[in-house]
Amino acid sequence: ARMTLPTWHETRAQVITGSEIAAIAGLSKFCTPWQLHMRKLGRIAGMEESEAMVWGRLDEAAILRRVGDLLGVTGRVIPWADVGPDMLTLPPGVVRVETTTQPVLVAEALGTGGTPDGLVIVSDDMGGIESKCVGERAFQTWEREDSPSPFPGLPGATRLLPDGYTMQVQDYMGLTGLSWFIVPVKVGGNRLECHKVEFNPTWFDGLCNMAKLALQALRDGVEPPFDPYADGAYAGQWAVGMTPRDKPVTVDDPEVVRLAKRHAALSKACSRLEAHKDASAALLLRELAQRGIGRGIVEGVGKVGVVALAAKPEQTVVQKAHAASSYARVWAKKYSVTDELITAEGGAMLALPVPGGEEE
């Protein structure tokens with residue numbers, strides 16, 4: 001009988017989930033409003049699971065166990081799959097839908113739903129938990145602000161949660177009726193920071209309004225605006241992934257031809273600028289090496305241009321020049337690499353019209 005239940009994905013497809021809220025708000029770096037709209041319609045493929053995403057999913061259980069260990073005798077963590085229907089009293093309009101894997105909370109009237117990672121009970125006070133993993137480089141882009149430990153035994157945090165994560169747990173709090181969530185963030189694979197987020201009814205109302213508008217747009221067939229600079233990379237890949245590629249085809253549609261010419265022009269300009277950059281780097285390294293500078297800071301270049309060389313500067317220069325020799329040297333031999341030329345090339349790129357403008 002259990003196999004007749006709907007799947008987790010089928011149930012979540014009916015609403016805008018907590019993990020999708022940031023996308024419709026334009027705050028997700030993984031999915032834009034247009035991409036989410038097309039994915040919900042099945043017109044473009046979903047984002048393929050990367051190695052980082054795989055490890056983030058696998059680490060979820062370990063992070064929850066670690067939080068439980070750190071809380072000690074004062075608290076415990078219950079994974080969502082183990083949360084029984086009698087453990088949580090849901091707000092009016094929110095239903096628990098059993099699926100083939102784990103329950104999903106759905107509020108059709110609000111347009112939203114979701115699946116938290118679990119519950120946390122600390123000294124008889126119940127809240128929720130939603131774990132996250134982030135690489136060190138991405139973590140350094142988060143806004144700095146120290147916050148204390150949310151509960152004894154848990155580490156505090158040194159940076160603010162991105163708005164997308166805050167929106168997600170606000171959605172989960174509105175669906176569960178809980179007043180707080182713990183968000184443990186595994187940073188760089190070897191340390192934990194814990195955030196406590198309090199429920200904000202105004203935030204939740206705003207999220208529900210956005211979700212209802214997004215679902216109405218799906219029903220009405222109204223596409224969100226397509227921003228080529230925000231949407232291009234992923235949306236282009238997903239669109240190609242949805243088209244048959246078993247045989248080559250010839251496209252003579254004027255708009256496709258125009259965009260293809262524009263793409264070729266930009267690619268050519270980028271290649272030339274990359275050649276200038278490699279050639280200038282080789283020249284810079286050579287000049288520094290001739291002056292006996294192994295490591296140094298060049299003042300007055302933008303804010304501060306940092307130049308780091310290997311222990312043997314001359315070896316670095318040779319390696320850099322060799323790496324840049326194939327195209328950069330040919331280009332530099334034909335055209336003098338001057339500031340005026342680089343400015344001209346960069347200006348030519350900036351002057352290219354955005355899609356929809358005049359053809360180059």
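Since the structure is predicted, the reported quantities are computational estimates derived from the model, not experimental observations.

Undergrad: Which residues make up the overall build of the chain, and what are the values?
TA: Along the chain, the regular secondary structure elements total 11 helices and 14 strands. Taken across its 360 residues, the chain has 36% of its residues classed as buried. Contacts in the chain between residues at least 24 apart in sequence constitute 67% of all its contacts with a sequence separation of at least 6. Carbon together with sulfur atoms contributes 57% to the accessible area of the chain, which is approximately 21,100 Å² in total.

Undergrad: So what's going on with the pattern of salt bridges? Which residues, and what values?
TA: Within this structure, the stated rule accounts for 7 salt bridges. For Lys 40, the salt bridge is made with Glu 20, and the minimal N-O distance between the two is 3.0 Å. Placement of Lys 40 in helix H3 (residues 33–41) and of Glu 20 in helix H2 (residues 18–24) is noted, with a sequence separation of 20 residues between them.

Undergrad: Outline unusual backbone geometry, supporting the account with residue identities and numerical values.
TA: Despite not being glycine, Ser 123 shows a phi value in the positive range, around 50°. Inspection of the secondary structure assignment puts Ser 123 in the loop between strand S6 (118–122) and strand S7 (125–129). Residue class for Ser 123 comes out exposed when judged on its relative accessible area of 58%. Positive phi values are uncommon outside glycine, yet Asp 124 reaches one of about 70°. Position of Asp 124 relative to the elements: it lies in the loop between S6 and S7. For Asp 124, a relative accessible area of 77% corresponds to the exposed category.

Undergrad: Residue-level account of the sheet that holds strand S3 (residues 95–97), with values.
TA: Backbone hydrogen bonds hold the strands of a sheet together, and the pairing may be parallel or antiparallel. Pairing in this open sheet of 4 strands is mixed, and the strands run S1-S5-S4-S3 from one edge to the other. The open sheet has two edge strands, strand S1 (16–17) and S3, and neither has a second partner. Pairing analysis gives 2 bridges linking S1 to strand S5 (residues 112–114), with the strands arranged parallel. Within S5, the position partnered with Ile 16 by the bridge is Thr 112. Relative to the sheet, helix H6 (residues 163–176) contacts S1, strand S4 (104–107) and S5, its axis offset from that of S5 by approximately 95°.

Undergrad: For the side chain of Gln 170, give the residues involved together with the corresponding values.
TA: Within the fold, Gln 170 resides in helix H6. Overall, Gln 170 belongs to the buried group, its relative accessible area being 3%. Among the polar contacts listed, one links the side chain of Gln 170 to the backbone oxygen of Glu 198, at a separation of 2.9 Å. If sequence neighbours within four positions are ignored, Gln 170 has contacts with Val 197, Glu 198, Phe 199, Asn 200, Trp 203, Phe 204 and Leu 207.

Undergrad: Please provide a residue-by-residue account of the environment of His 9, values included.
TA: With respect to the secondary-structure elements, His 9 resides in helix H1 (residues 8–12). When its relative accessible area of 59% is taken as the criterion, His 9 is described as exposed. Taking the C-alpha atoms as reference points, His 9 and Val 104, 95 residues apart in sequence, are found 9.6 Å from one another.

Undergrad: How would you summarise the nonpolar core if you had to cite specific residues and measurements?
TA: Core analysis: the biggest nonpolar cluster contains 23 residues, and Leu 119 and Val 185 have the highest contact counts within it. With residues near it in sequence (within four places) discarded, Val 185 still touches Lys 132, Val 134, Trp 142, Leu 161, Arg 191, Leu 192, Glu 193 and His 195. Counting 14 residues, the second largest nonpolar core, distinct from the first, contains Leu 64, Val 67, Val 122 and Leu 154.

Criteria and cut-off values
Residues numbered from 1 in each chain as written. Predicted model: local features only at pLDDT ≥ 70, side-chain atom pairs only at ≥ 80, totals over all residues. Heavy atoms only, no water. Helix = DSSP H or I, 4+ residues; strand = E, 2+ residues; numbered from the N terminus. Buried < 20%, exposed > 50% of the residue type's maximum accessible area, 1.4 Å probe, protein only. Contact = heavy atoms within 4.5 Å. Areas by Shrake-Rupley, 256 points an atom, 1.4 Å probe, with all protein chains shown as cover. Salt bridge = Lys/Arg side-chain N within 4 Å of Asp/Glu carboxyl O. Pairing = 2+ DSSP bridges. Axes fitted to C-alpha atoms, helices over the stretch in contact; angles between N-to-C directions. Polar contact = N/O pair within 3.5 Å; in protein donor to acceptor, adjacent residues only side chain to side chain. Core = buried A, V, L, I, M, F, W, Y, C linked by side-chain atoms within 4.5 Å.

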